[in-house]
Amino acid sequence: MKKYWPNIKDYLLIALASLIQAASLRIFFVPANLASGGVSGISQLVNHFTGWPIGLMVLIGNVPLFLLGWRFLGGRRFALRTAFAIISYSLLTDLLLKIPLFTYYTDILINDLKGDIFLNSLYGAIISGIGYGLVYRARGTSGGSDILARILNKWRGVSMTQSYLIVDTAVILSAGFIFGWKEALYAMITLYVSGLVSETVLEGGGTIRTAMIITNKPDDISARVLEDLERGVTVLEGTGAFSRTSKPVLYCVISRAEVSTLKTIVNEIDPEAFMVIGVAHEALGEGFSPLKGR
């Protein structure tokens, strides 16, 4: 069981992500006519004219894209996880409407937000972004424009950002002719915010900071960092390009709250030191999140 648990955990995470995405679509996007791109957005447009179930349209629309992904991206893991994500999301999108408890509470929320397209787009972006981020953390894809973006990136050299922009903008512009240009504008905002949220879920909120310190008093600063912050310090060897002199470079990883303390330490010991503070998405190992199981 221990051997298969990482894969089982990934599939459970994909199932949870599909539920979150389906709920976001039903509660915020569909009632506000926000087609935020991808196959889901196209399915909303089809549903608007025909009344066909959105979940079924999502499933049908993803079949050719899934086959393309299998052909160009390959890999058994890609096929299994992507298929599971597509099927679970498609089924939940339609099945949620069959659950009385869900429809009861969502009707209350929908009525409260009725006419407020800003809150619908904001809440929808945040919640769907969490869903996308969880899918990516589970080493899966959400199908649709995600597959097309990866294909364009791999076989045509188009960056992932540009790929998503090309695919999703086409859908949003089409929705503008049908639902209205105000809705299309908010759909673009939704697309951008959901991308930021999914990136935060996937890679962390940027609460970790890295520091590189060039100083003539490396031992004193290292001792204070070890004592006051209880953080490890790595001493690197550096050479100035202009002076050609060798100088030690201190490298350490700290939390955002510890930046001010580190600045104070460096300023007290060596006011002439040069320090660079950078942002890291995640830190794994002693003093931070455990590396095991990642």
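This text goes with the structure placed above it.
Draft legend 1. Region of interest: the sheet that holds strand β3 (residues 246–255). Overall, antiparallel pairing links the 4 strands, which are arranged β2-β3-β1-β4 in an open sheet. Pairing within the sheet leaves two strands with one partner each, and these edge strands are β2 (234–239) and β4 (274–280). Taking each pair of neighbouring strands and ignoring which way they run, the sheet shows an average axis angle of 25°. Sheet analysis places strand β1 (residues 208–214) next to β3, joined by 7 bridges and oriented antiparallel. From the neighbouring strand, Met212 faces β3, where its bridge partner is Tyr251. Sheet contacts for helix α10 (residues 218–229): β1 and β3; angle to β3, the most-contacted strand, approximately 10°. Set on the sheet, helix α11 (residues 259–269) makes contact with β1, β3 and β4; between it and β4 the angle comes to about 165°.

Draft legend 2. Geometry of the environment of Ile208. Tracing the chain through its elements places Ile208 in strand β1. With 51 residues separating them in the primary sequence, Ile208 and Val259 have C-alpha atoms 9.8 Å apart.

Draft legend 3. View of the pattern of salt bridges. One pass over the full model with this rule turns up 5 salt bridges. Note that Arg81 and Asp10 form a salt bridge whose closest N and O atoms lie 2.8 Å from each other. Placement of Arg81 in helix α4 (residues 76–95) and of Asp10 in helix α1 (residues 5–29) is noted, with a sequence separation of 71 residues between them. By relative accessible area, which is 3% here, Arg81 ends up buried. Across the salt bridge formed by Asp94 and Arg26, the nearest N and O atoms sit 3.2 Å from each other. Note that Asp94 is positioned in helix α4 and Arg26 in helix α1, a separation of 68 residues in sequence.

Draft legend 4. Layout of unusual backbone geometry. Backbone geometry at Glu230 places phi at a positive 55°, although glycine is not the residue there. Counting through the fold element by element, Glu230 comes out in the loop between α10 and β2.

Draft legend 5. Structural context of the environment of Thr261. Locating Thr261 in the fold gives a position in helix α11. With 117 residues separating them along the chain, Thr261 and Gly144 place their C-alpha atoms 47 Å apart.

Draft legend 6. Fine view of the packing of aromatic side chains. With the rule as written, the count across this model stands at 4 aromatic pairs. The interplanar angle of 40° and the centroid separation of 5.9 Å between the aromatic rings of Phe28 and Tyr123 together place this pair among those described as tilted. Here the residue Phe28 occupies a position in helix α1, and Tyr123 occupies one in helix α6 (residues 117–137), the gap between them amounting to 95 residues. Here the aromatic rings of Phe177 and Trp181 are separated by 4.9 Å at their centres, their planes lie at 75°, and the arrangement is edge-to-face. Accessibility expressed as a relative area gives 67% for Phe177, which makes it exposed.

What counts, and where the lines are drawn
- Residues numbered from 1 in each chain as written.
- Predicted model: local features only at pLDDT ≥ 70, side-chain atom pairs only at ≥ 80, totals over all residues.
- Heavy atoms only, no water.
- Pairing = 2+ DSSP bridges.
- Helix = DSSP H or I, 4+ residues; strand = E, 2+ residues; numbered from the N terminus.
- Axes fitted to C-alpha atoms, helices over the stretch in contact; angles between N-to-C directions.
- Contact = heavy atoms within 4.5 Å.
- Salt bridge = Lys/Arg side-chain N within 4 Å of Asp/Glu carboxyl O.
- Buried < 20%, exposed > 50% of the residue type's maximum accessible area, 1.4 Å probe, protein only.
- Phe/Tyr/Trp six-rings, centres within 6.5 Å; stacked < 30°, edge-to-face > 60°.

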